[in-house]
Amino acid sequence: MFIRSDNITSPLGWTTHQHFEALRQGRSGLRLQERPDWTATPFWAALFDSTALDEAFETRLQPHAGRHWTRFEKMVLLSLSDALQHSPVRLDDPDTIFILSSTKGNVALLEQQSASHPDLRLAHTAAKIAAHWAAPNRPLVVSQACISGLAAILLAKRLLDHGRYRHAVVCGADEISRFIWSGFQSFQALSDEPCRPFDSRRKGLNLGEGCATLIFSATAPDTPGVRVSGAAISNDANHISGPSRSGAELSQAIGQALEQARWNAGEVDFISAHGTATPYNDEMEAKA
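A quick note: this is a predicted structure, and the numbers were derived from the prediction, not measured.

### Focus on the overall build of the protein chain
- Helix and strand counts for the protein chain come out as 8 helices and 9 strands.
- Against the 2.2 N^0.38 benchmark of 19 Å for 288 residues, the protein chain shows a C-alpha radius of gyration of 19 Å, consistent with a compact globule.
- For the protein chain, the spread of C-alpha atoms along the principal axes amounts to about 50 × 50 × 40 Å.
- The 288 residues of the protein chain split such that 44% are buried.
- Put simply, of all contacts in the protein chain between residues at least 6 apart along the chain, 71% involve residues at least 24 apart.
- For the protein chain, the exposed surface amounts to about 15,900 Å²; the carbon and sulfur share of it is 51%.
- Seen as two clouds, the 27 positive and the 31 negative side-chain charges of the protein chain have centres 2 Å apart.

### A few points about the packing of aromatic side chains
- Using the criterion set out here, one finds 3 aromatic pairs in the structure.
- Judged by centre distance (5.8 Å) and plane angle (15°), the ring pair of Trp38 and Phe43 falls under stacked. Exposure class is identical for Trp38 and Phe43. Each is buried.
- Feature note: the residues Trp38, Phe43 and Trp181 constitute an aromatic cluster, connected by ring pairs.
- Arg35 extends its terminal NZ or CZ atom over the ring of Trp38, reaching a point 4.3 Å from the ring centre.
- Across the ring face of Tyr280, the terminal group of Arg245 is positioned such that the distance to the ring centre comes to 3.6 Å.

### Considerations on the pattern of salt bridges
- Under the definition given, this model contains 17 salt bridges.
- With a shortest N-O distance of 2.9 Å, Glu73 and Lys128 are connected by a salt bridge. Linking Glu73 in helix α3 (residues 71-85) with Lys128 in helix α4 (residues 122-132), this pair joins segments that are 55 residues apart in sequence. Each member of the pair Glu73 and Lys128 is classed as buried.
- Overlapping salt bridges bring together Asp192, Glu193, Arg196 and Lys203 as one network.

### Things to note about the sheet that holds strand β2 (residues 31-33)
- Spatially, β2-β3-β7 is the arrangement adopted by the 3 strands of the open sheet, whose pairing is mixed. Every other strand in the sheet has two partners, leaving β2 and β7 (207-208) as the edge strands with one partner each.
- Bridge count between β2 and strand β3 (residues 43-46): 3 bridges; the pairing is antiparallel. When the sheet's bridge partners are listed, Gln33 is paired in β3 with Phe43.

Definitions and limits used
Residues numbered from 1 in each chain as written. Predicted model: local features only at pLDDT ≥ 70, side-chain atom pairs only at ≥ 80, totals over all residues. Heavy atoms only, no water. Helix = DSSP H or I, 4+ residues; strand = E, 2+ residues; numbered from the N terminus. Rg over C-alpha atoms; globule rule 2.2 N^0.38 Å. Buried < 20%, exposed > 50% of the residue type's maximum accessible area, 1.4 Å probe, protein only. Contact = heavy atoms within 4.5 Å. Areas by Shrake-Rupley, 256 points an atom, 1.4 Å probe, with all protein chains shown as cover. Lys, Arg positive; Asp, Glu negative; His and termini not counted. Charge placed at Lys NZ, Arg CZ, Asp CG, Glu CD. Phe/Tyr/Trp six-rings, centres within 6.5 Å; stacked < 30°, edge-to-face > 60°. Lys NZ or Arg CZ within 6 Å of the ring centre and 35° of its normal. Salt bridge = Lys/Arg side-chain N within 4 Å of Asp/Glu carboxyl O. Pairing = 2+ DSSP bridges.

Next comes the structure, spelled out in structure tokens:
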């Protein structure tokens, strides 16, 4: 499976290139946030400026701006549209499957609407976005907490490897709301300063919101690109919110992915870890 196009949309920018430049310059999207409607105490997070988000949506998706879209859906549409513009893959192609990955979706609507609002259902949101691009296939939804994005990529790989589709458009997104913030706060998982993953002085995580899209094809593009060579998944079966302390299950998934890719560990140049900066998760990942 090969990557044909990609996008990152977050408080740091609207394109992957803008994010790469921000990384090169050492810029972070973290800011000390003051949200008295959430908490009396300022906290560190990477949040969109809602005005900037609306302006970007109006400017970049002018033909589509007339319909009502939630804040979460605007993030998805911005990311999807940019990735699709730089790829020959089309969502209205019967050989393309759309996969939406999210932990909470439009859960912010709970603070404004009743629990029966249709947009609170991820399947409804995915269908709404797919219909916008006249996608003929029923979209798929992956919602598995923090691993949702990687699980969606693994699902796309399996579908393409087995010839179910020739292309897959995977979009992962989440926004931060009072509901999300209070949930992490109840776990005492939030740091009162910029987080320090894998540091002995780590205190916890910082929340952020954003969206990313990857467009895959089963066959290699004409120009050199990125190939997804191996993917695997495991289940700690440990605790509803806590990882296995040993890291054995994560190590198993890593080993299976390497085996599928036919690599050995010495060929790995870069590891992108979860790195939540929480005591137990960082320890588990370090062991793995």
